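Chain and residue survey
Chain by chain, the residues run as shown.
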Amino acid sequence: MVEENKINKMVEAAKMYYLLDNSQQDIALKLGVSRPTVSRLLQQAKEEGIVKIEIIDPEESIQQLEAALCAKYHLKHALVAPNASWDEQIIKVRIGKRAAQFLNDTVKEYDILAVTWGTTMYQIARGLQPKPLKGVKVVQLKGGVSHSETNTYASEVLHLFGQAFQTTPHYLPLPAIVDSALVKQTIEADRYIHRQLELAEQANFAIFTTGGLMSDALLFRLGYLSKEDVRIVTKKAVGDICSRFFDRNGDIVHQELNDRTIGIQLDELRKKEYSILVAGGKTKLESMKATMNGKYSNVLVTDQLTAKELLNSSL
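A brief report on the enclosed structure follows. All of these numbers come straight from a predicted model, not from anything done at the bench.

1. Description of the overall build of the protein
Scanning the protein for helices and strands turns up 14 helices and 8 strands. For 315 residues, the compact-globule formula gives about 20 Å, and the C-alpha radius of gyration of the protein, at 27 Å, lies well above that figure. Its C-alpha atoms give the protein principal-axis dimensions of roughly 95 × 45 × 35 Å. Contacts in the protein between residues far apart in sequence, at least 24 positions, make up 73% of those at least 6 positions apart. Total accessible area on the protein is roughly 15,800 Å²; 49% of this is exposed by carbon and sulfur atoms. Distance between charge centroids for the protein: 1 Å, based on 39 positive and 38 negative side chains.

As structure tokens, then:
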């Protein structure tokens, strides 16, 4: 009976202390015992297994997600930004900062950075810290001139990247997609354009995002695609990289459209030292998986919620 009474006091003291946040002095008054007795009751509660304390380190959880992503998708690096919201703007800001931090830590002298454009890329560019390095070059991966008034952030992204690494960026002042393969061949034959495209191929860093196939996706609002183009890509594709559309396996789905697209070929991304996919959110899950299935990225930057979904889903 005495032992049972003692256990009841241990349980009551533990509940008031760990669940109700009462002080040991308050507990002593409520139980009619001294404060040192309360301290002993709490200690005994831990020793008897009545109280079990678990410390959850958020950083450790992030590291576990990163390691699991590397293992599942055969990545060189996976970088996960802490996040508890599916809000797309919040995700873009957080993964943008995480990607910028990785670039600040990784880029060295004489590296060549090839970058795309868009709202995610703009958040990366905004997060970059000044890092003056000798011989760094920044070049566009694809054309950024559109047929609409929608802002692609193409010039802002290049400007901020060049500012951060104190270099003059190499622009590709062209639309991403033109009307015919012949027009594309003529444009790419220009010496200046050819030089920019060669520089993008030589880049050891490629930083890009992937787009889902929502009707309000940026690429669908820029006036590049005909109704027939839209019909084909929405029927077969799960997303795009650099305006090149692919299926679940990462294979190009609309070759005629691909032949009209100006910028780096997706096969070239597999050759990069750092092929960095920066993306997150529910609408991009399928295109992210397809990007990694196609081996187009060896570095992934995403957010915590998206990382968990990628790990829980089939390849």
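The rest of the description comes next.
2. Re empty space enclosed by the protein
This structure, assessed with the given rule, holds 1 cavity of 30 Å³ or more. Along the walls of the largest cavity sit Glu88, Ile91, Lys92, Ile95, Thr120, Thr209, Ala279, Gly280, Gly281, Thr283 and Lys284, which together make up its complete lining. Tallying contributions element by element places helix 5 (residues 88-106) first for the lining of the largest cavity, with 4 residues. Taken together, the residues of the lining of the largest cavity sort by class into 3 nonpolar, 5 polar and 3 charged.

3. A short note on helix 2 (residues 24-31)
Burial in helix 2 covers these residues: Gln24, Ile27, Ala28 and Leu31. Take helix 2 and look down its axis: the buried residues cluster within an arc of 105 degrees, on one side only. Turned more than 90 degrees from where helix 2 packs its buried face, Leu29 and Lys30 sit exposed. Gly32 lies just past helix 2 and shows a positive phi near 70 degrees.

4. Here's the deal with the layout of surface pockets
In this structure, the second largest pocket spans a volume of roughly 170 Å³. Put simply, the parts of the chain that give the lining of the second largest pocket at least two residues each are helix 8 (181-188) and helix 9 (191-202). Looking at which element gives the most residues to the lining of the second largest pocket, the answer is helix 9, with 5 residues. Taken together, the residues that form the lining of the second largest pocket break down as 4 nonpolar, 3 polar and 5 charged.

5. Side note on the packing of aromatic side chains
Applying the stated criterion across every chain yields a total of 5 aromatic pairs. Between the aromatic rings of Phe102 and Tyr274, the centroid separation amounts to 6.0 Å while the plane-to-plane angle is 75 degrees, which identifies the pairing as edge-to-face. Residue Phe102 is located in helix 5, and its partner Tyr274 is located in strand 7 (residues 274-278); the two are separated by 172 residues in the primary sequence. The two residues Phe102 and Tyr274 agree in class, both being buried. Taking 4.4 Å as the distance between ring centres and 20 degrees as the angle between the ring planes, the aromatic pair formed by Tyr122 and Tyr153 counts as stacked. With Tyr122 in helix 6 (residues 119-127) and Tyr153 in the loop between strand 3 (137-140) and helix 7 (154-164), the pair connects residues that are 31 residues apart, well separated along the chain. Site record: aromatic cluster; members linked through ring pairs are Phe102, Phe205 and Tyr274. If you follow Lys76 out to its NZ or CZ, it ends over the ring of Tyr274, 4.9 Å from the centre. The side chain of Lys142 reaches across the aromatic face of Trp117, ending 3.9 Å from its centre.

6. Some details on unusual backbone geometry
The phi dihedral of Asp21 falls on the positive side, at around 60 degrees, and the residue is not glycine. Within the secondary structure, Asp21 sits in the loop between helix 1 (2-19) and helix 2. Look at Asp21 and you get exposed, because its relative accessible area is 65%. A positive phi angle, close to 70 degrees, is found at Tyr110, a residue other than glycine. Examined against the element boundaries, Tyr110 turns out to sit in the loop between helix 5 and strand 2 (112-115).

Procedures and definitions
- Residues numbered from 1 in each chain as written.
- Predicted model: local features only at pLDDT ≥ 70, side-chain atom pairs only at ≥ 80, totals over all residues.
- Heavy atoms only, no water.
- Helix = DSSP H or I, 4+ residues; strand = E, 2+ residues; numbered from the N terminus.
- Rg over C-alpha atoms; globule rule 2.2 N^0.38 Å.
- Contact = heavy atoms within 4.5 Å.
- Areas by Shrake-Rupley, 256 points an atom, 1.4 Å probe, with all protein chains shown as cover.
- Lys, Arg positive; Asp, Glu negative; His and termini not counted.
- Charge placed at Lys NZ, Arg CZ, Asp CG, Glu CD.
- 1 Å grid on protein atoms, 1.4 Å probe; cavity = no way out; pocket = protein on both sides within 12 Å on 5 of 7 lines; lining within 4 Å.
- Points joined across faces, edges and corners; volume = space filled by probe spheres on them.
- Nonpolar A, V, L, I, M, F, W, Y, C, P; charged D, E, K, R; others polar.
- Buried < 20%, exposed > 50% of the residue type's maximum accessible area, 1.4 Å probe, protein only.
- Arc of directions from axis to C-beta.
- Phe/Tyr/Trp six-rings, centres within 6.5 Å; stacked < 30°, edge-to-face > 60°.
- Lys NZ or Arg CZ within 6 Å of the ring centre and 35° of its normal.

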